[in-house]
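# Residue-level structure breakdown
Chain residues, written in single-letter form:
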Amino acid sequence: MDLTPYIESLRRSLTAAAAPGGEDAARTAELLAEALDAGARLALMEALSEAAAEITAGLDQAGSSASVDLRVRGREVDLQVRGGETAEAAPPPAPPVDDDVARITLRLPESLKEDVEKAASSDGASVNAWLVRAINNAVHASRTSGQPAGAKYSQRITGYARA
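Throughout this document, residue positions are counted from 1 along each chain, in the order its sequence is written. pLDDT decides what is reported in this predicted model: residues at 70 or higher carry local features, side-chain atom pairs at 80 or more are listed and counted, and totals for whole chains, interfaces and linings draw on all residues regardless. To obtain the side-chain values, all non-hydrogen atoms of the structure were used and water was disregarded.

### Things to note about the overall build of the protein
Helical segments are the DSSP runs of H or I of at least four residues, strand segments are the runs of E of at least two, and each set is numbered from the N terminus. Per the secondary structure count, the protein includes 4 helices and 2 strands. When the helices and strands of the protein are placed in sequence order, the string is α-α-β-β-α-α. Residues classed as buried in the protein amount to 15% of the 163 residues present. By definition in these notes, contact holds between two residues if any of their heavy atoms fall within 4.5 Å. If you take every contact in the protein between residues at least 6 apart in sequence, the share linking residues at least 24 apart comes to 35%. For every residue, the accessible area obtained with a 1.4 Å probe (protein chains only) is divided by the maximum for its type, and the residue is called buried under 20%, exposed over 50%, and partly exposed between those limits.

The structure is reproduced here in structure tokens:
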């Protein structure tokens, strides 16, 4: 990011404000603008650095692992976003919302139940809503990959053998 246009805008504003004061005031404003160049540039860099830190903190609170970095090269400032989750090409469809709701009994080990409760709480969802979403994602992921839900490796074996 080139800060020069912002510094030039500040310089023009300062000289325009001094113009009604006459030629001496305008010249003084030009000299002050040149002297303020480094200070204004530093102030802008500090403001950008604080903004990057606030954005990174906001991303952390939102659960993202992304961060915003401010890099200074000479008189140039570069903002870069690093990390973060990659978006899925096509998120699984939301579970159908209708009046036909089936009830099932699910038996879980106590430790897994506690983990599910913690995960649901951190997502701001009920345990039921969290489980429905997790099951929906697992079912639809298996349909798009062509593998049974939970399968990590193909069950199919091809080839030939010689005795």
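We are not done yet, so read on.
### Some words on empty space enclosed by the protein
With a 1 Å grid spanning the protein atoms alone, the term cavity applies to any set of points in which a 1.4 Å probe fits but cannot get out, the term pocket to an open set with protein on both sides within 12 Å along at least five of seven lines, and the term lining residue to any residue with an atom within 4 Å of a point. Grid points are joined across faces, edges and corners, and a volume is the space filled by probe spheres set on the points. Per the stated rule, a full pass over the model turns up 1 cavity of 30 Å³ or more. Reported here for the largest cavity is a volume of approximately 40 Å³. For the lining of the largest cavity, the secondary structure elements donating two or more residues are helix H1 (4–18) and helix H2 (23–61). The greatest single-element share of the lining of the largest cavity, amounting to 4 residues, is contributed by H1. Asp, Glu, Lys and Arg are counted as charged, while Ala, Val, Leu, Ile, Met, Phe, Trp, Tyr, Cys and Pro are counted as nonpolar; the rest, among them Gly, fall into the polar class. When grouped by side-chain class, the residues that make up the lining of the largest cavity number 5 nonpolar, no polar and 2 charged.

### Some words on the pattern of salt bridges
Salt-bridge detection follows one rule: a side-chain nitrogen of Lys or Arg within 4 Å of a carboxyl oxygen of Asp or Glu. What the rule picks out here adds up to 5 salt bridges. A salt bridge links Asp37 to Arg11; its shortest N-O distance comes to 3.9 Å. Placement of the pair is Asp37 in helix H2 and Arg11 in helix H1, with a sequence separation of 26 residues. Judged by relative accessible area, which is 14%, Asp37 ranks as buried. Taking relative accessible area as the criterion, Arg11 reaches 25% and is therefore assigned partly exposed. For the salt bridge of Lys113 with Glu117, the shortest nitrogen-to-oxygen distance reads 2.7 Å. Remark: Glu117 and Lys113 occur in helix H3 (residues 110–123); sequence separation between them is 4 residues, near one turn of the helix. For Lys113, a relative accessible area of 34% puts it in the partly exposed group. For Glu117, a relative accessible area of 33% puts it in the partly exposed group.

### Observations concerning the confidence of the model for the protein
Each residue carries a pLDDT value, the predictor's own confidence for that position, ranging from 0 to 100. Within the protein, residue pLDDT values average 75, and 76% of them lie at 70 or more. Mean pLDDT values over the elements of the protein span from 73, in strand E1 (residues 67–73), up to 89, in H3. Residue range residues 151–157 is modelled with pLDDT below 50. Its contacts to residues more than four positions away, or to other chains, number 3 contacts.

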